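Observations on chain architecture
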Amino acid sequence: MIEFSGVNKWFGSLHVLRDISLTVARGEVVVVCGPSGSGKSTLIRCINGLEPFQSGRLLVDGTDLADRKALLRLRTEVGFVFQSFNLYPHKTALENVTLAPIHVRRLSRAQAEERGRALLEKVGLADKMDSYPHQLSGGQQQRVAIARSLCMQPKIMLFDEPTSALDPEMINEVLDVMVGLAREGMTMMVVTHEMGFARKVADRVIFMDRGAIVETAPPETFFTAPAHARTRDFLSKILHQ
Amino acid sequence: MLGGLNTRVMLEYLPEIWQGFLATLFLSAASFVGAMVLGVLACALAIQPLRWLRAPAVVYVDAIRATPLLAQLYFLYFGLPRLGVVLPEMLIGIIALSLNSGAYMAEIIRSGILSIPRGQVEAGMSTGLSYLQRMRLIVLPQALRVTVSPLIGQAIVLIKDSSLLSLISVVELTRAGQRIAIDRFMPVEGLVATALGYLVLYYVLKSAAGAWQARNSLPGRG
Amino acid sequence: MVWFYLERIFGYWPVLLKGMGMTIGLSLLSLVIGVAIGFGFGIIRAGRNRWAARALGLYIDFFRATPFLVQVFIVFFILPQVGIELSAFAAGVVALSNMAACFIGEIVAAGLKAVPPGQSEAALASGMTRAQQMRLVVMPQAVRIITPSLVGQFVLLIKDSSVVSAIGLLDLTRSGWLIVQSVPNGLLVFGIVGVGYFIICYPLIHLSRRLERRGQAAFL
């Protein structure tokens, strides 16, 4: 479904992605972690073309990312959830969710709204359809953002630190939605430090440092017997917080 | 079009253009000082607590802001002689420009003062400073920083506005340019010379504002 | 004495009324054209084509740097030299809407840049084209941010329209100028002219202030 081969990216002289090779299969849930500046956000931002890269090859659902023309269509197949939600402040929750389906997928308003209502109900916001983002809590906003991505019926969902801008008591409401999604068989890549989430639903956990993938392992191995010193070091820091 | 400029005529009129340029500078500078005085006064009246003292400041600012400078200029130019006050055109011009810009400056200074966080005033109160001390030591020094750029902006507006004095036959940059147009039927040459003069002033002030902003923005507040 | 002059001035009410109509008509027409072009300017100025943005920046700078009176003269006296003859009214509309477009362009550009980049990223991630991002996500937010300054700009435009009287267009200011030639009381004549402008401009100034306060309260 997602296939990196030898991908490199530089910001000026800064080498932010080093020779990334990675394959994610359909239905797989992959959690990416690592210290800040390790390139983990950049990695998943490449997958829907939010970040260009300089060398290597990246295939997503059979489409080569080098093909800029196919990019627009590809983005409709890949949902992206941002750390800072990025809801449209001038639109209600329901309008946020239906905007792209109406204008990009060309659904009728009625169809889009039907789909949007169902999704907002699914994320537990049936009573917030007509609220504006500034009237919602952070956890509610992030759930709207997830519904907004799902409304395009994507084949892949990407999450870029979806809970790190949230107050602690709101983290679980968002994670619960994500767990449900994983159990339904969605292909997901999630950048997060929520190790409980990784233990529960991840098929694999990836540890990145300084732009490179250091270790890839199933969660049980990753948490109990990490192979690399840097992974151990990182785990001891975040698990003792 | 510009290839056909008669540069010889422009050079011939250079002394007059230069005189006009200096006159514009002088008019603007004098009016800037006048406007500053009026602006500070009007602002002081507008932010103090007594309602009946605030009223005249509000009326002054709103009346100026809701009417064009040219109408204000004609009001004084055609009106003052009625009251038996006969003044040279240049002085009438400076008065009109000062009155006009003063209202805008009052608004600039006021929003500068209002931009100071309430906590600053409260910190001053809690350490026992009086109203005037708080103003002088805490509020005004900070407000001044945020008002410098808009005040320079107002100076640019003032310089451009001073061109209207040419309509009551004050000889300044615009009028000097018109002389070429009228004497030699060469409006292009006259207007190019005039525009160049204003462009110089504009870029000087604009870069001054930029330099000031770069050097003096408060750390932590952009 | 004052009544005597007032009566004489009101004898000229058709002139005043005509002037007021001209001021409103001229301003409205220039406003519509200036806003349309100004939004185009703003999109280019905030856009990704650096060279287009810079070239347009120079053009805009010229009209922000020179007095409007000089611009009116340029349109009225220089354009005929390159074969474009304009009536005083047309020259007024061209000069006014051009200047409005320049100022509005910079306001729009600033508004577009004030919309957080995450907004267009979110739109991009859902597969919108650049035009859709602009139309559906970025521009509506920019418009909310800039509405108070836009209304303020309208007030400036109405007041600047008085300068067009210098090329003989019979607007509100010019009508005062004509009346004062035969009723020699400048305070009264231009006092009335001032009231005319006040009636048009003051509600707009009020509106601009209210929008500004509301924007601060609701949106952020």
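Below is a short write-up of the structure. Predicted model only: the values in this text are computed from it and were never measured.

Parameters and conventions
- Residues numbered from 1 in each chain as written.
- Chains lettered and ligands numbered in written order.
- Predicted model: local features only at pLDDT ≥ 70, side-chain atom pairs only at ≥ 80, totals over all residues.
- Heavy atoms only, no water.
- Helix = DSSP H or I, 4+ residues; strand = E, 2+ residues; numbered from the N terminus.
- Buried < 20%, exposed > 50% of the residue type's maximum accessible area, 1.4 Å probe, protein only.
- Contact = heavy atoms within 4.5 Å.
- Salt bridge = Lys/Arg side-chain N within 4 Å of Asp/Glu carboxyl O.
- Nonpolar A, V, L, I, M, F, W, Y, C, P; charged D, E, K, R; others polar.
- Pairing = 2+ DSSP bridges.
- Buried area = accessible area lost by both parts, 1.4 Å probe.
- Polar contact = N/O pair within 3.5 Å; in protein donor to acceptor, adjacent residues only side chain to side chain.
- Core = buried A, V, L, I, M, F, W, Y, C linked by side-chain atoms within 4.5 Å.

1. Considerations on the overall build of chain C
- When you go through chain C residue by residue, the secondary structure sums to 9 helices and 0 strands.
- Going from N to C terminus, chain C has its helices and strands arranged as α-α-α-α-α-α-α-α-α.
- Overall, the C-alpha framework of chain C stretches about 75 × 50 × 25 Å when taken along its three principal axes.
- When each of the 220 residues of chain C is scored for burial, the buried share is 50%.

2. A word on the interface of chain B and chain C
- Taken together, the 35 residues of chain B in the interface contact 42 residues of chain C.
- If you look at where chain B meets chain C, you find 3 salt bridges.
- The closest approach of N and O atoms between lysine 206 of chain B and aspartate 61 of chain C, which form a salt bridge, is 3.2 Å.
- Elements represented by at least two residues in the side of chain B that touches chain C include exactly α3 (51–65), α4 (69–79), α5 (89–114), α8 (173–184) and α9 (187–216) of chain B.
- The dominant element in the side of chain B that touches chain C, judged by the number of residues it contributes, is α9 of chain B, at 10 residues.
- Residue composition of the side of chain B that touches chain C, grouped by class: 22 nonpolar, 7 polar and 6 charged.

3. Some thoughts on the pattern of salt bridges
- Following the criterion strictly, the structure yields 25 salt bridges over all chains and no others.
- Note that lysine 237 of chain A and aspartate 233 of chain A form a salt bridge whose closest N and O atoms lie 3.6 Å from each other. Of the two residues, lysine 237 of chain A and aspartate 233 of chain A both sit in helix α9 (residues 229–239), 4 residues apart, roughly one turn of that helix.
- You can call lysine 237 of chain A exposed: its relative accessible area is 55%.
- Since its relative accessible area comes to 42%, aspartate 233 of chain A is described here as partly exposed.
- A salt bridge links arginine 179 of chain B to aspartate 183 of chain B, with the nearest nitrogen and oxygen atoms 3.5 Å apart. Of this pair, arginine 179 of chain B and aspartate 183 of chain B are both found in helix α8, 4 residues apart, which corresponds to roughly one turn of the helix.

4. Notes on the pairing of strand β1 (residues 2–11) of chain A
Residue and element names in this part refer to chain A.
- Direction of pairing for β1 relative to strand β2 (residues 14–24): antiparallel, over a ladder of 7 bridges. Residue valine 7 lies in a different strand from β2, and its bridge partner there is isoleucine 20.
- Connecting the antiparallel pair β1 and β2 is a turn made up of 2 residues, with glycine 12 showing a positive phi of about 60°.
- As paired strands, β1 and strand β4 (residues 55–60) are joined by 5 bridges and run antiparallel to one another. Directly across from isoleucine 2, in β4, lies its bridge partner valine 60.

5. Remarks on the interface of chain A and chain C
- With 23 residues of chain A at the interface, the matching set in chain C holds 20 residues.
- Here chain A and chain C share an interface that buries about 1,800 Å² over both sides, 61% of which is from carbon and sulfur atoms.
- Across the chain A-chain C interface, the total number found is 1 salt bridge.
- Measuring nitrogen to oxygen at the nearest pair gives 2.4 Å for the salt bridge that ties glutamate 121 of chain C to arginine 45 of chain A.
- Seen at the junction of chain A and chain C, the total is 6 residue pairs in polar contact (both at pLDDT 80 or more).
- Those elements giving two or more residues to the side of chain A that touches chain C turn out to be α2 (68–77), β6 (78–81) and α3 (93–103) of chain A.
- Grouping the amino acids of the side of chain A that touches chain C by side-chain chemistry returns 12 nonpolar, 6 polar and 5 charged.

6. Brief notes about the pairing of strand β8 (residues 187–191) of chain A
Residues and elements named next belong to chain A.
- Buried residues dominate β8, accounting for 5 of its 5 residues.
- Of the two faces of β8, the one carrying Thr187, Met189 and Val191 and the one carrying Met188 and Val190 are both buried.
- Note: strand β3 (residues 29–33) against β8, 4 bridges, orientation parallel. Within the sheet, the bridge partner assigned to valine 31 lies in β8 and is valine 190.
- One ladder, built from 5 bridges, connects strand β7 (residues 156–160) with β8; its direction is parallel. Bridged to aspartate 160 within β8 is valine 191.

7. Here we look at the environment of proline 89 of chain A
Residues and elements named next belong to chain A.
- Tracing the backbone shows proline 89 in the loop between β6 and α3.
- When its relative accessible area of 23% is taken as the criterion, proline 89 is described as partly exposed.
- Taking the C-alpha atoms as reference points, proline 89 and glutamine 135, separated by 46 residues in sequence, lie 10.0 Å from one another.

8. Structural notes on the sheet that holds β1 of chain A
- Pairing is antiparallel in the open sheet, where 4 strands are placed in the order β2-β1-β4-β5 (chain A). For this open sheet the edge positions go to β2 and β5 (63–64) of chain A, each flanked by a neighbour on one side alone.

9. Here's the deal with the nonpolar core
- Membership of the largest hydrophobic core comes to 137 residues, with the highest contact counts inside it found for Ile2, Phe4, Leu43 and Met189 of chain A.
- With 12 residues, the top contributor of residues to this core is helix α5 (residues 88–114) of chain C.
- Setting aside anything within four residues of it in sequence, one finds leucine 43 of chain A in contact with Phe4, Leu17, Ile20, Leu22, Val32, Met189 and Met208 of chain A.

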